[in-house]
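Here is how the chains run, residue by residue.
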Amino acid sequence: DVKVTQSSRYLVKRTGEKVFLECVQDMDHENMFWYRQDPGLGLRLIYFSYDVKMKEKGDIPEGYSVSREKKERFSLILESASTNQTSMYLCASSTPRKGFSTGELFFGEGSRLTVL
Amino acid sequence: AQSVTQLDSHVSVSEGTPVLLRCNYSSSYSPSLFWYVQHPNKGLQLLLKYTSAATLVKGINGFEAEFKKSETSFHLTKPSAHMSDAAEYFCVVSDGWPGGSYIPTFGRGTSLIVHP
């Protein structure tokens, strides 16, 4: 089975702290994604990566950065955490689109971040 | 550009009665369409997907969805609800070939409530 592992299920941080959220997948997927989930807003894309060292901004990249030094690992970084970044963060991976078909997303269990 | 609208934020049913979760999409290209389920404090799991093959798609746990191009809909159904179906459900669209983005777009989610 595909496994996407997020390093921390629950984190509590203080305003201004630097926060690292780690995600590792074991299926050699090219694509990796970071989403933020808030009630009533669904999932919003923060960043995605389609290859090592490649990254593209999603819908809400402000206040976030990412790193992908190895194919299996995709990190989300909050340089200076703020209270409005309190949220559930979900990592996902997928195979690339092939012809007419888009690969399904495989998700980790999420990291719930609280910024005080 | 692609978009997806889940027509109900909450759906409430009694155990043993049919389930209907509604989803409309917009896509400039031949889309791939997905339904994901999220149980409390868990990541998202794929229920089913449509990728230009049969228009009636069967998924896990007795769910199915029908792709209707003329109505731009991809509604999720189940003949008989079970208590364990209580969860959040997300409809997802991804533009297909030849020029669409492979980045999935999520609906805002529908919370399914199942009463005993």
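Scroll up to find the structure this text is about.
In what follows, the accompanying structure is described. (Residues numbered from 1 in each chain as written. Chains lettered and ligands numbered in written order. Predicted model: local features only at pLDDT ≥ 70, side-chain atom pairs only at ≥ 80, totals over all residues. Heavy atoms only, no water.)

## Digging into the overall build of chain A
Put simply, the rule reads: Put simply, DSSP H or I for four residues or longer makes a helix, DSSP E for two residues or longer makes a strand, and each gets a number counted from the N terminus. Between the two quantities, the radius of gyration covers C-alpha atoms and the globule rule is 2.2 Å times the number of residues to the power 0.38. Accessible area is worked out with a 1.4 Å probe on protein chains only. A residue is then buried under 20% of its type maximum, exposed over 50%, and partly exposed in between. Residues are treated as being in contact if the distance between any of their heavy atoms lies within 4.5 Å. Each accessible area value is a Shrake-Rupley result obtained with a 1.4 Å probe; residue values ignore everything except the protein chains displayed when judging cover. We score Asp and Glu as negative and Lys and Arg as positive, and we do not count His or the chain ends. Where a charge lies is defined by one atom per residue type: Lys uses NZ, Arg uses CZ, Asp uses CG and Glu uses CD.
Within chain A one finds zero helices and eleven strands. Shown N-terminal to C-terminal, the secondary structure of chain A runs as helices and strands in the order β-β-β-β-β-β-β-β-β-β-β. The C-alpha radius of gyration of chain A comes to 14 Å, within 12% of the 13 Å expected for a compact globule of 116 residues. By its C-alpha atoms, chain A is 45 × 30 × 25 Å across when sized along the principal axes. Here chain A holds 116 residues, and the buried ones make up 47% of them. Long-range pairs, those at least 24 residues apart, make up 56% of the contacts in chain A with a sequence separation of at least 6. Here chain A displays about 5,700 Å² of accessible surface, and carbon together with sulfur accounts for 50% of that area. One way to put it: in chain A the 17 positive side-chain charges average out to a point 4 Å from where the 16 negative ones average out.

## Some remarks on the state of the cysteines
Residue and element names in this part refer to chain A. The test is simple: Pairs of cysteine sulfur atoms within 2.5 Å are what we label disulfides.
Taken as a whole, this structure holds two disulfides over all chains when the rule is applied. Linked covalently through their sulfurs, Cys23 and Cys91 form a disulfide whose S-S length is 1.9 Å. Residues Cys23 and Cys91 are joined by a disulfide whose S-S torsion is about -75°; by sign, that bridge is left-handed. Taken as a pair, Cys23 in strand 3 (residues 19–25) and Cys91 in strand 9 (residues 87–94) lie far apart in primary sequence, 68 residues in all.

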